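Structural characterization, general
Take a look at the letters that make up each chain.
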Amino acid sequence: MELKVGLLGGGSWGTTVASLVSRNAPIKLWARDPETVIDINDNHCNSKYLPDIKLPPALTATSEIGEAVSGADVLVMAIPSSNFRNVLEQAKPHLRPWVPVISLTKGLELATSKRMTEVIEEVLPGHPVGVLTGPNLAREIMAGQAAASVISMEDEIIVKQLQQLFHSGLFRVYTNTDLLGCELGGVLKNIIAIAVGMGDGLGAGDNTRSALITRGLAEITRLGVAMGGKPETFSGLTGMGDMIATCTSPLSRNRHVGVELGKGRHIDEIIDEMLMVAEGVKSAPTVMALAKKYGVEMPIAEDVFEVTKGNRSAVRAFRGLVNQSAGAESDAG
Ligand SMILES: NC(=O)C1=CN([C@@H]2O[C@H](COP(=O)(O)OP(=O)(O)OC[C@H]3O[C@@H](n4cnc5c(N)ncnc54)[C@H](O)[C@@H]3O)[C@@H](O)[C@H]2O)C=CC1
Ligand SMILES: O=C(CO)COP(=O)(O)O
């Protein structure tokens, strides 16, 4: 049976995943901005978020949320974490029972510290939930570069059915049933990418970058495992894989924030001039609250949090990180 897909969110990643799915299944993308809807339907472009990129003609969009949701056999959410619950509430009256809901979002809810799949379970009880996550920079995928990703759901049968919707020649989609571990990897690496960006903005070298990525991975693994994720998940595509892509790519918005902080700019000024979302800035306070709750030391994330709050300069944070006394490699800090 051919599954129909509704995808909510007309930004860079929502449009990219909708383009991938349009090769495999009928899909309707909902965007709140009517100009984006016209641009996709008439010009096969999303000039605002993916300038100079041609979209597949099979991809169509609507500004009526009910049109994307009511006929859907699968719902995909590409809305930033700050507005995720609100959009899900708007979708709820139109959604048929038991339709699986897949999140593409790499953030946490500020007010509740919840993961997006927990928000889905709360708003839409009974619907199977999952994430599609991995080292996936939107512009590279739209440019036809090969990439790998992971669809994660706890139900082994449903996850295999949905894998086929997203998988294609140049976009290899693996399955994983460690939903918590996969989802947290995508969220937590954003903060480490800000730290790495800060180092790069301050002119640090490749050795420093490697140390931050490696120690950062250890840090996010400690928290993820304390919360119930599997250690091996954090060394796979959704953990180490996404860390490498986000911490080293000039396309990463989170790394960009770090680079600008490293140059001495203020966080408000950096965010004000960005069109797109950098989830790591918004997740930092929640990650600190989770680290405290689970008794996990996260020195790199803490420095990022302090710099983004304006309590510490990037130079001071960075000096602190490289000057820290070193114990055993397996220790925190
Ligand atoms: N861009 C990328 O390469 C990747 C992004 N992600 C994640 O995907 C999520 C979405 O990111 P992007 O699409 O890149 O962000 P973006 O900043 O490019 O676009 C965000 C979209 O959400 C829409 N939006 C925001 N609030 C809304 C609301 N209340 N109602 C309706 N629409 C609303 C905006 O209009 C915009 O179309 C983020 O959590 C991000 O971390 C994950 C993998 C790759
Ligand atoms: O999650 C991403 C790549 O996998 C995108 O990272 P940014 O949000 O930092 O651009």
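Residues numbered from 1 in each chain as written. Chains lettered and ligands numbered in written order. Predicted model: local features only at pLDDT ≥ 70, side-chain atom pairs only at ≥ 80, totals over all residues.

Near ligand 2, the surroundings consist of Lys106, Pro135, Asn136, Leu137, Asn190, Ala193, Asp242, Ala245, Thr246, Ser252, Arg253 and Asn254. Of all the secondary structure elements, the ones that give two or more residues to the shell around ligand 2 are α8 (179–201), α10 (237–248) and α11 (253–262). In the shell around ligand 2, the residues fall into four nonpolar, five polar and three charged. A domain split of the shell around ligand 2 shows at least three residues from each of domain 1 (5–177) and domain 2 (181–323). (Near = placed C-beta within 6 Å. Helix = DSSP H or I, 4+ residues; strand = E, 2+ residues; numbered from the N terminus. Nonpolar A, V, L, I, M, F, W, Y, C, P; charged D, E, K, R; others polar. Domains from an automatic or database assignment.)

Attention now moves to the nonpolar core. One recurring pattern in soluble globular proteins: nonpolar side chains tend to sit buried together. Counting 57 residues, the largest nonpolar core has Leu7, Val17, Leu29, Val76, Met77 and Ala78 as its most contacted members. Among the elements that line this core, the one with the most residues is helix α1 (residues 12–21), at five residues. For Val17, the contacting residues outside a window of four places in its chain are Leu7, Val76, Ala78, Leu104 and Leu132. (Core = buried A, V, L, I, M, F, W, Y, C linked by C-beta atoms within 7 Å. Buried ≥ 20, exposed ≤ 12 C-beta atoms within 10 Å, placed from the backbone. Contact = placed C-beta atoms within 7 Å.)

Our focus in this paragraph is the pairing of strand β1 (residues 5–8). Here β1 shows a buried face lined by Val5 and Leu7 and a second buried face lined by Gly6 and Leu8. Pairing of β1 with strand β2 (residues 27–30), which is carried by four bridges, proceeds in the parallel orientation. Paired with Val5 across the strands is Ile27, a residue of β2. What joins β1 to β2 is α1, and the crossover it makes is right-handed. Sheet topology note: the β1/strand β4 (residues 74–77) ladder contains four bridges and is parallel. Looking at the pairing, Gly6 lines up with Leu75 of β4. (Pairing = 2+ DSSP bridges. Right-handed = clockwise from strand over helix to strand, strands pointing away.)

A few words now on the UniProt feature "binding site: sn-glycerol 3-phosphate" (unreviewed entry) in the protein. Here the UniProt-annotated "binding site: sn-glycerol 3-phosphate" (unreviewed entry) positions come out as Lys106, Gly134, Lys189, Asp242, Ser252, Arg253 and Asn254. Note on placement: Asp242 falls in helix α10. For Asp242, a count of 28 C-beta atoms within 10 Å gives the class buried. As for its placement among the helices and strands, Ser252 is situated in the loop between α10 and α11. Judged by C-beta crowding, with 23 C-beta atoms within 10 Å, Ser252 ranks as buried. Those residues in contact with Ser252 that sit more than four places away from it in its chain are Leu137, Ala193 and Thr246. (UniProt positions renumbered as here; feature names shortened; annotations may be inferred.)

It is worth spelling out the site of ligand 1 at this point. Around ligand 1, the structure places 27 residues, and the nearest of them are Gly11, Trp13, Asn83, Ala138 and Met276. If you list the elements that add at least two residues to the shell around ligand 1, you get α1 and α4 (81–91). For the shell around ligand 1, the element with the highest residue contribution is α4, accounting for four residues. Looking at the shell around ligand 1 residue by residue, the class counts come to twelve nonpolar, eleven polar and four charged. Each of domain 1 (5–177) and domain 2 (181–323) accounts for three or more of the residues forming the shell around ligand 1.

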